[in-house]
Amino acid sequence: MKAIVIDDFGGPERLHLAERPLPPITDEQVLVEVRVAAVNPIDWRIRSGQLKQFVPCEFPVILGREVSGVVAAVGTAVTGFKPGDAVFGFLQQRLMHWGGYAQFVPVEAAKLAHKPAELSFEEAAALPVAGHTAWQGLFEAAQLKAGEVVLITGAAGGVGSIAVQLAHDAGATVIASASAANHDYVRELGADLAVDYHAPDFAAEIAKRFAQVDVIFAGFAGPSLQGCAPLVHAGTRIVLLSPEATEADLRIGGIESRILIARADGPQLEKIADLAVQGRIRPAIAAVLPLEDAARAHAMSATQRTRGKILLRVAAD
């Protein structure tokens, strides 16, 4: 099969097209013929070696943790899927070896969901990581409730854009932190207030309307998170997505931040997809590139300025 692989850690130039054998599957796995793979910031962090202490790799490595496609084969213990089913899911590998930037990928059946006919393969591939992360961060880790005030940083990105929509749909008041160029966009997604995280006094701007915030959903560590300290009170819940947080990031205004590591959950993903089918959320897609342009996709993602998800088309529908 064709796949984008890396033979060692390094820059985007390490990504190259290669022929690889079909991956084996266990009794609990499904072999998915990939239509679309998504690019996430963790992909280029793994590729560069930044996360080698957190995510072990077995070279040659095929990156990619999020796909949509069609079931090609199922393990003997799999009952919920059959060949020909359209599926999508978050791969969440403990060991990076067989990833989604390939024609075929093995996935545990419990991590997969059936793709609704109303969603394209592109829309489906853009949902799993962002959907799980936003859902679990807002509703499980932070226990966000209707009527509460939530500040979402990195609100125009793949995860942030879903988080804004989920929080708005849940009846929360949403403050979106994004670059000025994306303020109209995040308001369209449901933000009640948009602020520029580059501004040194963005917390003061928020404080003009809200004395405090109940939840901080932080896509990034650093100044955009640490600058939120004036808004924190005893009941504030802080959820941080960065695994590379400093001590300053882990305690904001006297409140401990909780680092979220999202988990793959097929039944939960089907619930999230149902919200998309109902039009209550929509996945944002920044670009769809051919598989061979994986290096370009990584370079785009590394700018951290894209609006929504970057996708790789592996095969035609």
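Residues numbered from 1 in each chain as written. Predicted model: local features only at pLDDT ≥ 70, side-chain atom pairs only at ≥ 80, totals over all residues. Heavy atoms only, no water.

### Concerning the overall build of the protein chain
Then, number 1: Of the regular secondary structure elements, the protein chain holds 10 helices and 17 strands.
Then, number 2: Relative to the globule expectation of 20 Å for 317 residues, the C-alpha radius of gyration of the protein chain, 19 Å, shows essentially globular dimensions.
Then, number 3: Once the C-alpha set of the protein chain is aligned to its principal axes, its extents read approximately 60 × 40 × 30 Å.
Then, number 4: Buried positions account for 56% of the 317 residues belonging to the protein chain. (Helix = DSSP H or I, 4+ residues; strand = E, 2+ residues; numbered from the N terminus. Rg over C-alpha atoms; globule rule 2.2 N^0.38 Å. Buried < 20%, exposed > 50% of the residue type's maximum accessible area, 1.4 Å probe, protein only.)

### Structural notes on helix α9 (residues 266-277)
Then, number 1: Spanning 12 residues, α9 covers 16 Å between terminal C-alpha atoms, matching the ideal 16 Å at 1.5 Å per step.
Then, number 2: With a side-chain oxygen lying 3.1 Å from the backbone nitrogen of Q268, the N-terminal cap of α9 falls on D265.
Then, number 3: Positive phi shows up at G279, right after α9, with a value of about 80°. (Expected span 1.5 Å × (residues − 1). Polar contact = N/O pair within 3.5 Å; in protein donor to acceptor, adjacent residues only side chain to side chain.)

### Section: the sheet that holds strand β11 (residues 193-195)
Then, number 1: One open sheet holds the seven strands; their spatial order is β11-β10-β9-β12-β13-β15-β14, and the pairing between them is mixed. Strand pairing shows two members of the sheet lacking a second neighbour, β11 and β14 (251-252), which therefore form its edges.
Then, number 2: The strands that helix α3 (residues 128-141) touches are β9 (149-153), β12 (215-218), β13 (237-240) and β15 (255-259); relative to β12, the one it contacts most, it runs at about 155°. (Pairing = 2+ DSSP bridges. Contact = heavy atoms within 4.5 Å. Axes fitted to C-alpha atoms, helices over the stretch in contact; angles between N-to-C directions.)

### Some remarks on the sheet that holds strand β1 (residues 2-6)
Then, number 1: Read across the open sheet, the three strands follow the order β2-β1-β4; overall the sheet is antiparallel. Looking at the sheet topology across the chains shown, the edges are occupied by β2 (16-19) and β4 (61-62).

### Focus: the environment of K271
Then, number 1: As for its placement among the helices and strands, K271 is situated in helix α9.
Then, number 2: Residue K271 is classed as exposed on the basis of its relative accessible area of 56%.
Then, number 3: Remark: the alpha-carbon pair of K271 and F121, spanning 150 residues in sequence, is separated by 17 Å.

### Topic: the side chain of Q29
Then, number 1: One can find Q29 in strand β3 (residues 29-39).
Then, number 2: The exposure class assigned to Q29 is buried, which follows from its relative accessible area of 11%.
Then, number 3: Side chain to side chain, Q29 and E108 meet in a polar contact 3.4 Å long.
Then, number 4: Not counting chain neighbours up to four residues away, the residues in contact with Q29 comprise P24, V74, G75, V78, P106, V107, E108 and A109.

### A word on the pairing of strand β10 (residues 173-177)
Then, number 1: With four of five residues buried, β10 lies mostly within the body of the structure.
Then, number 2: Both β9 and β10 contribute to a ladder of five bridges, which runs parallel. By the bridge assignment for β10, I152 is matched with A176.
Then, number 3: A crossover connection joins β9 to the parallel β10 through helix α4 (residues 158-169); in handedness this β-α-β unit is right-handed.
Then, number 4: Following the chain from β10 across helix α5 (residues 183-189) to the adjacent parallel β11, one finds a crossover that is right-handed. (Right-handed = clockwise from strand over helix to strand, strands pointing away.)

### What about unusual backbone geometry?
Then, number 1: Residue P60 is bonded to the preceding F59 through a cis peptide linkage, with omega at -5°.
Then, number 2: With respect to the helices and strands, the residue P60 is situated in the loop between α1 (41-48) and β4.
Then, number 3: For Q92, which is not a glycine, the phi torsion comes out positive at approximately 45°.
Then, number 4: Note that Q92 resides in the loop between β6 (86-90) and β7 (104-108).
Then, number 5: Backbone geometry places Q143, a non-glycine residue, at a positive phi of 55°.
Then, number 6: Position of Q143 among the secondary structure elements: in the loop between α3 and β9.

### Looking at the pattern of salt bridges
Then, number 1: A complete count under the given rule lists 12 salt bridges for this structure.
Then, number 2: Two residues, E140 and R263, come together in a salt bridge whose shortest N-O distance is 2.8 Å. One end of the pair, E140, is in helix α3; the other, R263, is in the loop between β15 and α9, and 123 residues separate them in sequence.
Then, number 3: Among the residues examined, R263 registers a relative accessible area of 34% and is labelled partly exposed.
Then, number 4: The partner of R263 in a salt bridge is D265, with the nearest N and O atoms 3.6 Å apart.
Then, number 5: Beyond isolated ion pairs, a larger network of salt bridges with shared partners links E140, R263 and D265. (Salt bridge = Lys/Arg side-chain N within 4 Å of Asp/Glu carboxyl O.)

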